[in-house]
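# Examining the three-dimensional arrangement
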Amino acid sequence: METVLDIDRLYVRRSGNLVLNNLTLEIHGERVIGLLGASGSGKSTLMRCLVGVQRIESGTITIMGLPAGAKELRRKVGYVSQSPAVYLDLTVMENLDYFRSIFSLPYSRLREVVETVSLAGAQKQLASSLSGGQRARLSLAIALLPSPSLLVLDEPTVGLDPLLREELWNYFHELANQGCTLIVSSHVMDEAERCDDLVLLRDGKIMFHSTPATLKASTESDNLDSAFLALAKRVKSEF
Amino acid sequence: MSSSRVFATAKRLLKQLRHDPRTILLLLGVPLLLMVLLRYLFGAQIAEFNNLAPMLIALFPFTIMFIVTSISMLRERMSGTLERLLTSPISKFEILAGYGLGFGILAVIQVALVLLVTFGPLELTTKGNIAMLLLFSLLDALMGTSLGLLLSAFANSEFQAVQFLPAFIFPQMLLSGIFTPRNQMPQALKFLSDLLPLSYAIDGASRTASSTTWNLATSVDLTVVVFAIPLSLALGALTLKRQTK
């Protein structure tokens, strides 16, 4: 398996606090990687680092052989921030069409992504009139436009009903089967079960990186919830 | 640079406005209303109106474009769409050029309407060249846009951005020669006035309106205004940081 992402000794400081503390991580391609951790553990900061918008103190981030944020990566790495970054005073289609021109893509791509995120019925609606979940899906649709090889999604399923969440997770795996690597952050434990790999973040450090099955086996738990608890307790006693 | 990304950005800004008809009405209607007000304020003192109107024709697009641009850019920063753009293939310069073009088109419409009304029903009569007045007004609008882009980087909230009007535009307006001729100002204020780009914009507009002869002073006015635009755009590009803390 090809190494898609290679982070080496990454330090990030935000307003004096060390948010990412000597973080080293290697991620192989074509999988759905769940980035889990309590709020404040550094998930969003790590994701911002991957798309090159976070100032880092030291360390290196290499994505498909290039430094994170490199110009060549801007078509290959898609990013969806936690709060939907869309133009509220434009319609769904107008939002998508603007980013379509920025990526110089054909019009046919618009219809494809709109259907992928089930927003076809709301095409002409202003983004400001969309529900929270619809806005989040519009934001995701924009990131899907250029068919990126790496998708960085910061809590993409917040506020979605179970049916849509199910649909999106199925779609994430479909993308992974087509050769895309997805890094999806979440704090909902039942979503962890759906990931191929789990990366557990705690206080800016990687606490665990393996498959859900390995996590359960190593903690002798039959579900991920109790596995997390066991792991957290073990880490606490080690320090 | 890709011109298609610049056009797309300009188109997007204008589409955003299209969904906000009240803002369009205010943008285009308020300057007209103010000119009508000015005309009736002076009543029979037509010479006063003829003297003051060209300066205000140059001031309105500058001020209004400054506000519209700084607020739009601030919203772009706060909504996360700027960050999204900075992770996409569009360059900082293309974003800024798109803003300049989009709001520039708006300024053309605004200035054309003001000129139509003031030279038509309001019967402004000048000895000078209307085309030159149009040119100065448009350059002033672009200068307002580029200064708005630059200043928006220093505002963290809409409250702050709106305060830039009294803090940044009013002093320039007071020192620009609209209220007191610049050559009658105390030395220190005259010096300060010489440093401010709006002074040249207003001077240029009033000079081209009052006489047909082109002189060195007019060329200086034009040069300063023309150079202030790319200069503040370039400074604005510096404030568009891809990486933030």
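Residues numbered from 1 in each chain as written. Chains lettered and ligands numbered in written order. Predicted model: local features only at pLDDT ≥ 70, side-chain atom pairs only at ≥ 80, totals over all residues. Heavy atoms only, no water.

## What about helix H2 (residues 92-102) of chain A?
Residues and elements named next belong to chain A. With 11 of 11 residues buried, H2 lies mostly within the body of the structure. Within the sequence span of H2, burial applies to Val92, Met93, Glu94, Asn95, Leu96, Asp97, Tyr98, Phe99, Arg100, Ser101 and Ile102. One or two residues past the end of H2 sits Ser104, with phi positive at roughly 45 degrees. (Buried < 20%, exposed > 50% of the residue type's maximum accessible area, 1.4 Å probe, protein only. Helix = DSSP H or I, 4+ residues; strand = E, 2+ residues; numbered from the N terminus.)

## Notes on the nonpolar core
Among the nonpolar cores identified, the biggest contains 119 residues, and Leu96(A), Phe172(A), Leu182(A), Leu198(A) and Met35(B) are the most heavily contacted of them. Ranked by the residues each element gives to this core, the list is headed by helix H3 (residues 46-79) of chain B, at 16 residues. Inspection of this core shows a minimum of three residues originating in each of domain 1 (1-76 + 149-206) and domain 2 (84-147) of chain A. The contacts of Phe172(A), once residues within four sequence positions are left out, are Val32(A), Leu140(A), Leu153(A), Pro156(A), Leu182(A) and Val184(A). (Core = buried A, V, L, I, M, F, W, Y, C linked by side-chain atoms within 4.5 Å. Domains from an automatic or database assignment. Contact = heavy atoms within 4.5 Å.)

## Concerning the interface of chain B and chain A
Across the boundary between the two partners, chain B contributes 27 residues, which contact 30 residues of chain A. Both sides together, the interface formed by chain B and chain A hides about 2700 Å², and carbon and sulfur atoms give 50% of it. When residues of chain B are sorted by the area they lose upon contact with chain A, Arg84(B), Thr87(B) and Lys245(B) head the list and together hold 26% of the total. The interface formed by chain B and chain A contains three salt bridges. Two residues, Glu83(B) and Arg48(A), come together in a salt bridge whose shortest N-O distance is 2.3 Å. (Buried area = accessible area lost by both parts, 1.4 Å probe. Salt bridge = Lys/Arg side-chain N within 4 Å of Asp/Glu carboxyl O.)

## Side note on unusual backbone geometry
At Ser118(A), a residue that is not glycine, the phi angle is positive and equals roughly 55 degrees. One can find Ser118(A) in the loop between helix H3 (108-116) and helix H4 (132-144).

## Side note on the pairing of strand S3 (residues 32-36) of chain A
Note on strand geometry: in a regular strand, side chains alternate between the two faces of the sheet. Residues and elements named next belong to chain A. Within S3, five of the five residues are buried, which leaves the element mostly enclosed by the surrounding structure. Side-chain alternation along S3 places Val32, Gly34 and Leu36 on one buried face and Ile33 and Leu35 on a second face that is also buried. As judged from the five bridges shared by S3 and strand S8 (residues 181-186), these two strands associate in the parallel manner. The residue of S8 that forms the bridge with Ile33 is Ile183. Bridging between S3 and strand S9 (residues 197-202) involves four bridges; their strand directions are parallel. Note on S9: the bridge partner recorded for Leu35 is Val199. (Pairing = 2+ DSSP bridges.)

## Here's the deal with the domain arrangement of chain A
Interfaces are often sized by the accessible area lost when the parts come together. All names here are of chain A. Per the domain assignment, the segments making up chain A are domain 1 (1-76 + 149-206) and domain 2 (84-147). Taking the mean C-alpha position of each, domain 1 and domain 2 sit 22 Å from one another. On the side of domain 2, 13 residues touch domain 1, which itself brings 14 residues to the contact. Across the interface of domain 1 and domain 2, roughly 960 Å² is buried in total on both sides, 65% from carbon and sulfur atoms. Remark: the boundary between domain 1 and domain 2 carries zero salt bridges.

## Some remarks on empty space enclosed by the protein
This structure, assessed with the given rule, holds four cavities of 30 Å³ or more. By volume, the largest cavity amounts to about 100 Å³. For the largest cavity, the full set of lining residues is Arg74(A), Val77(A), Gly78(A), Tyr79(A), Phe99(A), Phe103(A), Ile142(A), Ala143(A), Pro146(A), Arg84(B), Thr87(B) and Ser88(B). For the lining of the largest cavity, the secondary-structure elements that each account for two or more residues are strand S6 (77-80) and H4 of chain A. With three residues, the top contributor of residues to the lining of the largest cavity is S6(A). Considered class by class, the residues forming the lining of the largest cavity number seven nonpolar, three polar and two charged. Reported here for the second largest cavity is a volume of approximately 80 Å³. Contributing to the lining of the second largest cavity are Leu50(A), Val51(A), Gly69(A), Ala70(A), Leu73(A), Arg74(A), Val77(A) and Thr87(B). Here the lining of the second largest cavity is built from residues that sort into five nonpolar, two polar and one charged. (1 Å grid on protein atoms, 1.4 Å probe; cavity = no way out; pocket = protein on both sides within 12 Å on 5 of 7 lines; lining within 4 Å. Points joined across faces, edges and corners; volume = space filled by probe spheres on them. Nonpolar A, V, L, I, M, F, W, Y, C, P; charged D, E, K, R; others polar.)

## Some words on the side chain of Ser185(A)
Residues and elements named next belong to chain A. Checked against the element boundaries, Ser185 lands in strand S8. Under the relative-accessibility criterion, Ser185 is labelled buried at 1%. Reaching out from Ser185, the side chain makes a polar contact with the backbone nitrogen of Glu155 at a distance of 2.9 Å. In this structure, Ser185 is in contact with Leu35, Lys43, Met47, Leu153, Asp154, Glu155 and Pro156, ignoring residues within four places of it in sequence. (Polar contact = N/O pair within 3.5 Å; in protein donor to acceptor, adjacent residues only side chain to side chain.)

## A word on the pattern of salt bridges
All chains considered together, the criterion is met by 19 salt bridges over all chains. Between Glu94(A) and Arg18(B) there is a salt bridge, and its shortest N-O distance comes to 3.3 Å. Of this pair, Glu94(A) sits in helix H2 while Arg18(B) is found in helix H1 (residues 3-18), placing the two residues in two different chains. Judged by its relative accessible area of 53%, Arg18(B) falls in the exposed class. The partner of Glu191(A) in a salt bridge is Arg165(A), with the nearest N and O atoms 3.3 Å apart. Of this pair, Glu191(A) sits in helix H6 (residues 189-192) while Arg165(A) sits in helix H5 (residues 162-177); the two residues are 26 residues apart in sequence, bridging distant segments of the chain.

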